[in-house]
Amino acid sequence: MIKLTNVHKSFGPQKVLDGLDLSIPAGQITAIIGPSGEGKSVLIKHMIGLLKPDNGAIEVDGESILGLRRQHLNRVREKFGMLFQGAALFDSMNVFDNVAFPLREKTKLSKDEIRARVLSALEDVGLKNVERKFTDELSGGMKKRVGLARALLLKPKIILFDEPTTGLDPIIKRAIHQLIRDTHAKFGFTAVIVSHEIPAIFDIAQNVAMLYKGKILQFGTTDEVRTSSHPVVRQFISGDLDGPIQMV
Ligand SMILES: Nc1ncnc2c1ncn2[C@@H]1O[C@H](COP(=O)(O)OP(=O)(O)OP(=O)(O)O)[C@@H](O)[C@H]1O
């Protein structure tokens, strides 16, 4: 479904991805874990063509996304929904207009149809009677829900989540994780979730990929990674200060 082969990416002298190989299975939830600053956000930005590799191949549904003309790349991007770190809502719009935005931009649906779809998407994420509120009146957890409603609206085949629970309290974190799991069960999209929520993320992901020193150090089912014998993976998951991962 999403396949990266021998991907290299540097920013000036800093090598971030160093011959990375990764295949994201279709229709499943895959978590990407790894130390801060290793390039997890850079990696998912490559999947949707927001960053271009210096070298390597990237395919979505068997089609290379490199070297595509803008129009063609936009068509590939329509397969994706995204929930980035700050939920990326527009402050100047209320909740309804934020969620309706992609429908107004990308479809010719009637006002009534847009209204029905927006309210149904908000209901899917457990939000009712908030559509007139402005985003600065919402809590962090509500913002994430609105972002997820917007990401779900165009029924994407793939949703990329970049740290969807960062900065939220433990109960809201769990609620957002459950919501991702429930909406995934309902809609069956391919999910890629960058997350530091260990071990909580293991309860919702089917696969885990650990990024370390520019490569995928281990990719496997959640159980395989949870019980990994690799010293780096073990140290990272357990949060031990002692081990091969050096603090700087
Ligand atoms: N557009 C850019 N220009 C220059 N450097 C960048 C750019 N984007 C990312 N980087 C650098 O690439 C490295 C990896 O960043 P990235 O945000 O992908 O890390 P991460 O693994 O997602 O980190 P965290 O877990 O802390 O969110 C960082 O050193 C960052 O400064």
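Described in the following lines is the structure provided in the data block. (Residues numbered from 1 in each chain as written. Predicted model: local features only at pLDDT ≥ 70, side-chain atom pairs only at ≥ 80, totals over all residues. Heavy atoms only, no water.)

**Quick notes on the sheet that holds strand β1 (residues 2-11)**
Read from one edge to the other, the open sheet built from 4 strands follows the order β2-β1-β4-β5, with strand pairing classed as antiparallel. Because the sheet does not close on itself, it has two edges, and the strands there are β2 (14-24) and β5 (63-64). (Pairing = 2+ DSSP bridges. Helix = DSSP H or I, 4+ residues; strand = E, 2+ residues; numbered from the N terminus.)

**Focus on the site of the ligand**
Taken together, 14 residues form the shell around the ligand, and within it Gln14, Gly37, Lys40, Val42 and His196 come nearest. The side chain of Ser36 places a nitrogen or oxygen atom 3.5 Å from an oxygen atom of the ligand. Here an oxygen atom of the ligand sits 2.7 Å away from a polar atom, N or O, in the side chain of Lys40. In the complex, the protein chains occlude 61% of the 640 Å² of accessible area that the ligand would expose alone. Of all the elements in the fold, those that place two or more residues in the shell around the ligand are β2 and α1 (40-47). Take the shell around the ligand: its biggest share by element is 3 residues, from α1. Considered class by class, the residues forming the shell around the ligand number 4 nonpolar, 7 polar and 3 charged. (Near = heavy atom within 4 Å. Polar contact = N/O pair within 3.5 Å; in protein donor to acceptor, adjacent residues only side chain to side chain. Areas by Shrake-Rupley, 256 points an atom, 1.4 Å probe, with all protein chains shown as cover. Nonpolar A, V, L, I, M, F, W, Y, C, P; charged D, E, K, R; others polar.)

**As for the environment of Ser92**
Residue position: Ser92 is located in the loop between β6 (80-83) and α3 (95-106). For Ser92 and Leu153, which are 61 residues apart along the polypeptide, the C-alpha to C-alpha distance reads 20 Å.

**A closer look at the pairing of β1**
As paired elements, β1 and β2 share 8 bridges and run antiparallel to each other. Bridging across to β2, Phe11 finds its partner in Gln14.

**A few points about helix α5 (residues 140-153)**
Taking 1.5 Å of rise per residue, 14 residues should cover 20 Å, and α5 covers 20 Å from first to last C-alpha, within 8% of that figure. By the criterion of burial, α5 is predominantly enclosed, with 11 of the 14 residues buried. Taken as a whole, α5 has its buried residues at Gly141, Lys144, Arg145, Val146, Gly147, Leu148, Ala149, Arg150, Ala151, Leu152 and Leu153. Summarising the contacts, the buried residues of α5 are in contact with β6, α3, α4 (111-124), β7 (158-162) and α6 (170-187). Just beyond α5, the residue with positive phi is Lys155, at close to 50 degrees. (Expected span 1.5 Å × (residues − 1). Buried < 20%, exposed > 50% of the residue type's maximum accessible area, 1.4 Å probe, protein only. Contact = heavy atoms within 4.5 Å.)

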